[in-house]
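Residues per chain, in single letters:
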Amino acid sequence: KKFLKRLAAGVLAAAVAAGLSGCGMATSGKRIIRISHAQAETHPEHLGLLAFKQYVEERLGDKYEVQIFPNEILGSAQKAIELTQTGAIDFVVAGTANLETFADVYEIFSMPYLFDSEEVYRSVMEDTDYMQNIYASTDEAGFRVVTWYNAGTRNFYAKTPIRTPDDLKGKKIRVQQSPASVAMVNSFGAAAAPMGFGDVYTAIQQGVIDGAENNELALTNNKHGEVAKYYSYNKHQMVPDMLVGNLKFLNSLSPEEYEVFEEAAKRSTEVELAEWDKSIEEAKEKAKTDMGVEFIDVDVEAFKEKVLPLHEKMLKENPKIRDLYQHIQDENEKIKGGQ
Ligand code: GCU
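Throughout this description, residue numbers start from 1 for each chain and increase along the sequence as written. The predicted nature of this model means local features are confined to residues of pLDDT at least 70 and side-chain atom pairs, given and counted, to a pLDDT of 80 or more, with totals for whole chains, interfaces and linings taken over all residues.

The next subject is the overall build of the protein chain. Secondary structure elements follow DSSP: runs of H or I no shorter than four residues count as helices, runs of E no shorter than two count as strands, and numbering proceeds from the N terminus. When you go through the protein chain residue by residue, the secondary structure sums to 14 helices and nine strands. Computed over the C-alpha atoms, the radius of gyration of the protein chain is 20 Å, within 12% of the 20 Å expected from 2.2 N^0.38 for a compact globule of 339 residues. Considered along the principal axes of its C-alpha atoms, the protein chain spans approximately 60 × 50 × 35 Å. A total of 339 residues make up the protein chain; the buried ones form 45% of that total. A pair of residues counts as a contact when their C-beta atoms, built from backbone coordinates, are within 7 Å of each other. In the protein chain, 75% of the contacts between residues at least 6 apart in sequence involve partners at least 24 apart. Each radius of gyration is computed over the set of C-alpha atoms, and the globule rule expresses the reference value as 2.2 Å times the number of residues to the power 0.38. With C-beta atoms placed from the backbone, a residue is buried if 20 or more other C-beta atoms are within 10 Å of its own, exposed if 12 or fewer are, and partly exposed between those counts.

Laid out in structure tokens, this is it:
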């Protein structure tokens, strides 16, 4: 089944790359805008992207048609970023971990316990003026971030319960294919196993790994709750996903068109954020009652203590994250002080 899925993805990606549909033109003569993402069609990001499609087509529908490809059908995040880089497709939703190899400022989001609270996380991400700088950091790679989506808080989940940091010892835990994520999970005392998102289910099922770390939707949307029954709220990361656009395409738009795409991106984020909180509650309920997943509250401080030295280390090794780190610390202080 997996082979067939791979094959289908490969054929589709090759067809897209070769521009079989006529260099992005539909038979109707419209320019096709292709967006790839890794989630199911019920996921908040898909719903946000539908709002993006609707907004663009309502205003520029005589010229553009937006096509959304969910479920990694065009390939894993890494693959889809490459397709966006070359312009074979126009947009991809990618987690910041997947962007690290293109611009190392994105390593900051892999830093554990970076934001003191969800309030701080949201306020930093919503500061679009500040984030523009960061968004432009992949220009050299040929793509640019146009907006962010909430991808929640990441926690460990596994086949056996993780109640204390000691329970992570010797466990093989899947991480995203990013050096900073590998370093993070290793400093928790586990053994990091980097792999693509689409491979995680089978790897847990077959016992290649003991567990993984992600938001609650991985249990339901990606069905990991069928194979991993213990989800521990150790809250090591709050991370965004980014909507990334091919830079040449973005630069080819007239100022009026650009404005439409910009507004469409903004609205897609509004829809995604509103859907997010709802979907987390629903996912927890579903995971508990339908899948028999146990949600475990842990002593977060104990987990935090294990990995805090990583802050110094990362700051020392990567000067590009220092400004944003300071900015986030200021925001942590400000919100703590209730200003
Ligand atoms: C989440 C996140 C994705 C990420 C995935 C993963 O689903 O939204 O961007 O790629 O986790 O762990 O690979």
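So, next bit.
So, about the nonpolar core. Counting residues in each nonpolar core, the largest one holds 85 residues, and the members touching the most others are Val56, Val92, Ala94, Ile108, Ile173, Leu243 and Val244. Among the elements that line this core, the one with the most residues is strand β4 (residues 143–158), at nine residues. Setting aside chain neighbours within four positions, we find Ile108 in contact with Leu114, Ile321, Leu324 and Tyr325. Joined through C-beta atoms within 7 Å, a set of buried Ala, Val, Leu, Ile, Met, Phe, Trp, Tyr and Cys residues constitutes a nonpolar core.

Taken together, the residues surrounding the ligand are Ala38, Ala77, Gly95, Ala151, Gln176, Phe197, Asn214, Ala218 and Asp241. Looking at side-chain class alone, the shell around the ligand contains five nonpolar, three polar and one charged residues. For each residue, a C-beta atom is placed from the backbone, and the residue is labelled near a molecule or strand when this atom is within 6 Å of it. Following the grouping adopted for this structure description, the nonpolar residues are Ala, Val, Leu, Ile, Met, Phe, Trp, Tyr, Cys and Pro, the charged ones are Asp, Glu, Lys and Arg, and the polar ones are all others, Gly among them.

All right, on to the pairing of strand β6 (residues 191–194) then. Of the pairings in the sheet, the one linking strand β5 (residues 172–175) to β6 comprises four bridges and is parallel in character. The partner of Ile173 across the bridge, within β6, is Ala192. Orient the strands so they point away from the viewer; a crossover is then right-handed if the path from the first strand over the helix to the second runs clockwise. Handedness of the β-α-β unit built from β5, helix α7 (residues 179–187) and β6 comes out right-handed. Any two strands between which DSSP finds at least two bridges are classified as paired.

With that settled, the discussion passes to the packing of helix α5 (residues 118–126) against helix α14 (residues 322–336). Two elements in contact, α5 and α14, have axes separated by 10 Å at closest approach and are oriented at 130°. Comparing the axis directions of α5 and α14 gives the class oblique. The way α5 lies across α14 gives a crossing that is right-handed. On the side of α5, the interface is formed by Glu119, Val120, Ser123 and Val124, while α14 contributes Ile328, Glu331, Asn332 and Ile335. Each residue belonging to the contact of α5 with α14 can be placed in one class, and the counts come to four nonpolar, two polar and two charged. A fitted line through C-alpha atoms represents every axis, and for helices the fit uses only the stretch in contact; the resulting angles, taken between N-to-C directions, go from 0 to 180 degrees. Any angle from 65 to 115 degrees is called roughly perpendicular, while one under 35 is roughly parallel, one over 145 is roughly antiparallel, and all others are oblique. Each helix crossing is assigned a hand: it is left-handed if the near helix lies turned anticlockwise from the far helix by less than a right angle, otherwise right-handed if that turn is clockwise.

On to the packing of helix α2 (residues 44–60) against helix α11 (residues 255–289), then. Interaxial distance between α2 and α11 falls to 7 Å at its minimum, and their mutual angle equals 150°. Viewed along their axes, α2 and α11 adopt a mutual orientation that is roughly antiparallel. The interaxial crossing formed by α2 with α11 has right-handed handedness. Its residues assigned to classes, the contact of α2 with α11 comprises 14 nonpolar, four polar and seven charged.

Let us now look at α7. Of all the positions in α7, only Ala180, Ser181, Ala183, Met184 and Val185 are classed as buried. A positive phi of about 95° marks Gly189, the residue just after α7.

If you check the backbone angles, Asn71 has positive phi at about 55° while not being a glycine. Since 18 C-beta atoms lie within 10 Å of it, Asn71 is described here as partly exposed. At Lys235, a residue that is not glycine, the phi angle is positive and equals roughly 55°. Relative to the helices and strands, Lys235 is located in strand β8 (residues 230–246). Since 19 C-beta atoms lie within 10 Å of it, Lys235 is described here as partly exposed.

Turning to the environment of Asn222, a few remarks are in order. By the secondary structure assignment, Asn222 is in the loop between α9 (217–220) and β8. Accessibility expressed as a C-beta count within 10 Å gives 20 for Asn222, which makes it buried. With 90 residues separating them in the primary sequence, Asn222 and Gln132 have C-alpha atoms 31 Å apart.

Looking at the element boundaries, Asp166 is found in the loop between β4 and β5. Accessibility expressed as a C-beta count within 10 Å gives 11 for Asp166, which makes it exposed. Taking C-alpha positions, Asp166 is 41 Å from Thr84, a pair spaced 82 residues apart along the chain.

We now examine the confidence of the model for the protein chain. The quantity called pLDDT is the predictor's confidence in a given residue, expressed from 0 to 100. Per-chain confidence: the protein chain averages 94 in pLDDT, with 92% of residues scoring 70 or above. Per the prediction output, this complex has pTM 0.93; the corresponding ipTM is 0.98.

With respect to the helices and strands, the residue Thr42 is situated in the loop between β1 (31–36) and α2. Separated by 220 residues in sequence, Thr42 and Glu262 have C-alpha atoms that sit 24 Å apart.

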